[in-house]
Amino acid sequence: MSAVVLTGETEIPDELRFFDAETIRYVRAQLVEHAQALRDAANVIEHTHITALEAAALPDWISSARLTYDSTRWGIRQLLELAVSSANFVAWQYEAMMPVLDMTAAASDWLLP
Amino acid sequence: MSGQITVETEQFGAAASQLHSVGDGCRVLGMQLTERQWLPSGSWESGSGGQLAVIAAEAELISGTVLTAARLANAVADHLQRARDWYEAADDAVLRAFTEVADAFVSTIVLASARLVALGAVTVMSALLSPTGIAIAASVLAGGVLLEKLDVLPSAAELQRWWENNQQHLANPLTVLLVRLGVSSGDEIANGLMNPLGDLFPHGSGAGQFNSPQEVAGVLAAGIGLAAAPMRVQRAARLSTAGTVSSVAELAATIPGITADAPHATVTKFARGNGASVYLVSVGGTRSAQFGGENGMDNLSNLSAYAGADAQALAAVREAMGEAGIREGDEVVFAGYSQGALIVAQLAKSGDWQTQSVLLVGSPIHGNAIEQGIPVTQLEHDGDLITGLQGLTCGPQDAVTVVRRNPIAEGSPPDGGILAQHALSGYLQTAQGYDQLLDPHTVEQRERLLAPLAGAIPLDTTDFRFVRAAFESETSASAGAQPRGSR
């Protein structure tokens with residue numbers, strides 16, 4: 001059961017007293033940077049490394065070893081695509097947390113001016 | 001422009017280089033992601049600490065995935081590199097084996113034919129020495145003249161005209177192959193001709209003296225060169241500096257043409273943005289069919305350069321480079337056509353300069369011979385007999401790119417002559433066509449060739465002519481050239 005502090009007009013839960021709007025905004029700024037870094041990384045992997053991986057194809061190579069080569073290249077591509085999807089997904093999660101932090105900061109501002 | 005352009009390269013090295021770029025790039029990216037603190041400081045005081053901790057843990061996993069991909073890509077690249085070395089070694093061995101067979105076959109046919117002709121000549125000569133033989137010879141001669149008068153047999157003039165009108169048909173890939181076979185077996189044929197009884201001796205008895213066509217050329221060049229006057233390098237008057245080079249066509253256009261007043265070699269000094277200098281050395285083709293005549297770019301120089309001997313035009317270009325201010329260790333880009341290609345290939349191979357890249361046009365030597373990982377682009381036409389002088393070669397290795405075209409897809413023009421496909425003008429069109437190819441591999445190869453001159457500003461261009469000393473005064477007077485140096 002949370003303690004309640006009486007201010008005269010409003011009752012403020014302990015949890016909100018604990019939140020500092022400035023700290024929350026600082027956390028939010030880091031989220032923006034992290035999300036951008038992940039989007040940048042996904043972009044580099046997708047447009048530079050996967051493109052280079054495709055350019056490493058050897059269509060004229062006639063050998064049973066080519067099957068292994070193509071399989072390994074396919075495997076690397078799957079890893080890179082997984083990294084791209086994951087980076088975008090995690091970036092989205094960071095971005096999705098921003099409104100939550102905004103609301104927490106606004107509440108903190110409102111309740112503890 | 002007729003004829004499709006095809007680009008041949010060593011594929012494994014290019015693929016390995018792509019995979020290394022993926023591996024190295026992903027490794028750097030993975031390290032950057034690992035070093036990042038994904039859980040923002042102050043998260044636990046924000047009211048969303050739990051959610052952010054889960055997201056940060058997910059972010060940590062991404063770097064692991066990227067680093068795994070990097071390790072795999074680099075490992076595959078290393079294996080590909082090793083496979084390339086094995087393939088090249090196998091290619092060399094297979095080529096050597098088949099060359100031995102082909103050389104033995106060709107030389108046997110040529111030598112057997114030569115012996116038959118010699119034997120026939122001896123027989124005919126001995127028959128002609130008898131009264132009956134003389135009578136028969138006179139009758140055959142008279143009959144031939146009569147048949148020619150009656151237009152049954154063609155006259156010598158008609159045969160000459162027929163040859164002039166039809167020689168262009170010999171400029172085709174099959175003839176080039178025959179030239180390659182002939183050149184490849186040149187040492188065996190020379191050994192057989194020098195030692196008619198050589199086949200009576202067991203192999204390895206020392207009966208044969210030449211081990212390669214280049215050795216044959218070297219002996220011939222040395223022999224003929226004894227009678228030739230020494231070469232002089234003359235700086236020729238030039239009104240303007242060469243332009244910038246941003247395409248293969250522009251690079252090929254720096255090669256001197258074959259008109260009478262064109263220089264034999266041109267050296268241009270370029271300045272890069274960072275202040276460093278790079279020199280472009282462009283050498284033209286053969287100007288004279290003579291062996292040791294006035295013109296330094298003749299067949300004696302051809303033989304000498306083919307043998308790799310540091311004499312004649314090869315030495316003259318070295319001297320011209322020195323006169324243009326190029327010192328050992330300087331950065332140099334070479335471009336050469338025909339004999340010029342032969343010369344620049346030998347110069348690049350010498351390792352005396354930091355050769356950045358080489359353009360060979362209609363070359364009698366294959367770019368593989370340069371080695372050292374130098375980017376080489378080689379323009380070849382399918383029916384160019386001069387390229388047949390390369391002999392039997394492996395496909396492009398290391399950093400060599402062969403750009404191939406059949407410029408006369410519908411057949412040679414009637415007035416083209418046997419060397420129609422060797423024309424520099426045709427090769428300039430091939431270079432333009434190559435510039436227009438946009439697939440990533442080709443763009444990368446082209447950039448490797450042009451990168452040393454990209455954005456560089458031409459500062460000074462010097463033209464040179466090579467003249468044998470005995471003819472120097474006459475040539476200087478006619479061309480207005482200033483003699484420099486002596487050899």
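Overview of the structure. (Residues numbered from 1 in each chain as written. Chains lettered and ligands numbered in written order. Predicted model: local features only at pLDDT ≥ 70, side-chain atom pairs only at ≥ 80, totals over all residues. Heavy atoms only, no water.)

**Thoughts on the overall build of chain A**
The number of helices and strands found in chain A is 3 helices and 2 strands. When the helices and strands of chain A are listed from N to C terminus, the series reads β-β-α-α-α. Residue burial in chain A is summarised as follows: out of 113 residues, 36% are buried. Of all intrachain contacts in chain A linking residues separated by at least 6 positions in sequence, the fraction that spans at least 24 positions is 72%. About 6600 Å² of surface is accessible on chain A, with carbon and sulfur atoms providing 60% of the total. (Helix = DSSP H or I, 4+ residues; strand = E, 2+ residues; numbered from the N terminus. Buried < 20%, exposed > 50% of the residue type's maximum accessible area, 1.4 Å probe, protein only. Contact = heavy atoms within 4.5 Å. Areas by Shrake-Rupley, 256 points an atom, 1.4 Å probe, with all protein chains shown as cover.)

**Some remarks on the interface of chain B and chain A**
Every contact between the two is made by 40 residues of chain B and, on the other side, 42 residues of chain A. Taken together, both faces of the contact between chain B and chain A bury some 3300 Å²; the carbon and sulfur share is 75%. Among the elements that take part in the side of chain B that touches chain A, helix 2 (residues 49-128) of chain B stands out by supplying 16 residues, more than any other. Considered class by class, the residues forming the side of chain B that touches chain A number 22 nonpolar, 15 polar and 3 charged. (Buried area = accessible area lost by both parts, 1.4 Å probe. Nonpolar A, V, L, I, M, F, W, Y, C, P; charged D, E, K, R; others polar.)

**A few points about the side chain of Glu331(B)**
All names here are of chain B. Relative to the assigned elements, Glu331 resides in strand 5 (residues 331-337). There is a polar contact of 2.6 Å between the side chain of Glu331 and the side chain of Arg272. Discounting residues that sit within four places of it in the chain, Glu331 has contacts with Arg272, Ser277, Val278, Tyr279, Gln354 and Gln356. (Polar contact = N/O pair within 3.5 Å; in protein donor to acceptor, adjacent residues only side chain to side chain.)

**Things to note about the environment of Pro256(B)**
All names here are of chain B. Structurally, Pro256 is set in the loop between helix 8 (248-253) and strand 3 (265-271). The sequence separation of Pro256 and Thr266 amounts to 10 residues, and the corresponding C-alpha distance is 7.1 Å. Once you skip the residues sitting within four places of it in the chain, Pro256 turns out to touch Pro263, His264, Ala265, Thr266, Ser282, Val283, Gly284, Arg287 and Leu424.

**Concerning unusual backbone geometry**
All names here are of chain B. Although it is not a glycine, Ser338 sits at a positive phi angle of roughly 55°. As for its placement among the helices and strands, Ser338 is situated in the loop between strand 5 and helix 11 (339-350). Residue classification places Ser338 among the buried positions, given a relative accessible area of 8%. Here the phi dihedral of Gln372 falls at roughly 60°; this positive angle occurs in a residue that is not glycine. Residue position: Gln372 is located in the loop between strand 6 (354-361) and strand 7 (376-381).

**A word on the nonpolar core**
Judged by nonpolar contacts, the single largest core of 50 residues is most densely connected at Tyr69(A), Leu80(A), Tyr94(A) and Leu80(B). Contributions of two or more residues to this core are made by helix 2 (21-55) and helix 3 (65-111) of chain A together with helix 1 (11-35) and helix 2 of chain B. Once residues lying within four places of it in the same chain are set aside, the contact partners of Tyr69(A) are Ala56(A), Leu58(A), Trp61(A), Ala15(B), Leu19(B), Val76(B) and Leu80(B). (Core = buried A, V, L, I, M, F, W, Y, C linked by side-chain atoms within 4.5 Å.)

**Concerning the packing of aromatic side chains**
According to the stated counting rule, one finds 8 aromatic pairs over all chains in the structure shown. Each ring, one from Trp61(A) and one from Phe12(B), has its centre 4.7 Å from the other, and the planes form 70°; the classification is edge-to-face. Taken together, the residues Trp61(A) in the loop between helix 2 and helix 3 and Phe12(B) in helix 1 connect one chain to another. With respect to class, Trp61(A) is no different from Phe12(B); both count as buried. Relative to Trp92(A), the ring of Phe89(A) lies with its centre 6.0 Å away and its plane at 20°, an arrangement referred to as stacked. Of this pair, Phe89(A) and Trp92(A) both sit in helix 3, 3 residues apart, which is roughly one turn of the helix. The class of Trp92(A) is partly exposed, set by a relative accessible area of 49%. (Phe/Tyr/Trp six-rings, centres within 6.5 Å; stacked < 30°, edge-to-face > 60°.)

**Considering helix 2 of chain A**
An ideal rise of 1.5 Å per residue puts 51 Å on 35 residues; helix 2 of chain A measures up with 50 Å between its terminal C-alpha atoms. In the structure, helix 2 of chain A departs most strongly from a straight axis at Ile45(A), where the bend amounts to approximately 30°. (Expected span 1.5 Å × (residues − 1). Bend = angle between axes of the 7 residues up to and from the residue.)

**Digging into a nonpolar patch on the surface**
Residues and elements named next belong to chain B. Taken together, the side chains of Leu146, Leu147, Leu150, Val152 and Leu153 make up a nonpolar region of the molecular surface, amounting to roughly 460 Å² of accessible area. In this fold, Leu153 is placed in the loop between helix 3 (131-149) and helix 4 (156-166). Using a relative accessible area of 39% as the deciding quantity, one classes Leu153 as partly exposed. (Patch = residues over 30% accessible without salt bridge, like charges linked within 9 Å, V, L, I, M, F, W, Y side chains within 5 Å. Salt bridge = Lys/Arg side-chain N within 4 Å of Asp/Glu carboxyl O.)

**Regarding the pairing of strand 7 of chain B**
All names here are of chain B. Of all the 6 residues making up strand 7, 6 are buried; the element is thus mostly covered by neighbouring parts of the structure. Where burial is concerned, the two faces of strand 7 agree: the one with Val376, Gln378 and Glu380 and the one with Thr377, Leu379 and His381 are both buried. Relative to strand 7, strand 6 runs parallel, the two being bridged by 4 bridges. Counterpart to Leu359 in the pairing with strand 7 is Thr377. Note that strand 7 and strand 8 (residues 400-405) share 6 bridges and pair parallel. Bridge assignment links Thr377 to a residue of strand 8, and that residue is Thr401. (Pairing = 2+ DSSP bridges.)

**A short note on the pairing of strand 4 (residues 277-283) of chain B**
Residues and elements named next belong to chain B. Most of strand 4 sits inside the fold, with 6 of its 7 residues counted as buried. The sheet contact formed by strand 3 and strand 4 spans 7 bridges and is antiparallel. Opposite Phe270, over in strand 4, you have Val278 as the bridge partner. Hairpin connection between strand 3 and strand 4: a loop of 5 residues separates the two successive antiparallel strands, and Gly275 in this loop has a positive phi of roughly 95°. Here strand 4 pairs with strand 5 via 5 bridges, running parallel. Within strand 5, the position partnered with Val283 by the bridge is Gly336.

**Observations concerning the layout of surface pockets**
Residue and element names in this part refer to chain B. Taken as a whole, the second largest pocket holds about 580 Å³ of empty space. Lining the second largest pocket we find 25 residues, and of these Asn299, Asn302, Pro364, Ile386 and Leu389 sit closest to its centre. Elements with a minimum of two residues in the lining of the second largest pocket: helix 5 (173-184), helix 6 (186-194), helix 7 (213-225) and helix 9 (299-306). Looking at the lining of the second largest pocket element by element, the count peaks at 4 residues for helix 9. (1 Å grid on protein atoms, 1.4 Å probe; cavity = no way out; pocket = protein on both sides within 12 Å on 5 of 7 lines; lining within 4 Å. Points joined across faces, edges and corners; volume = space filled by probe spheres on them.)

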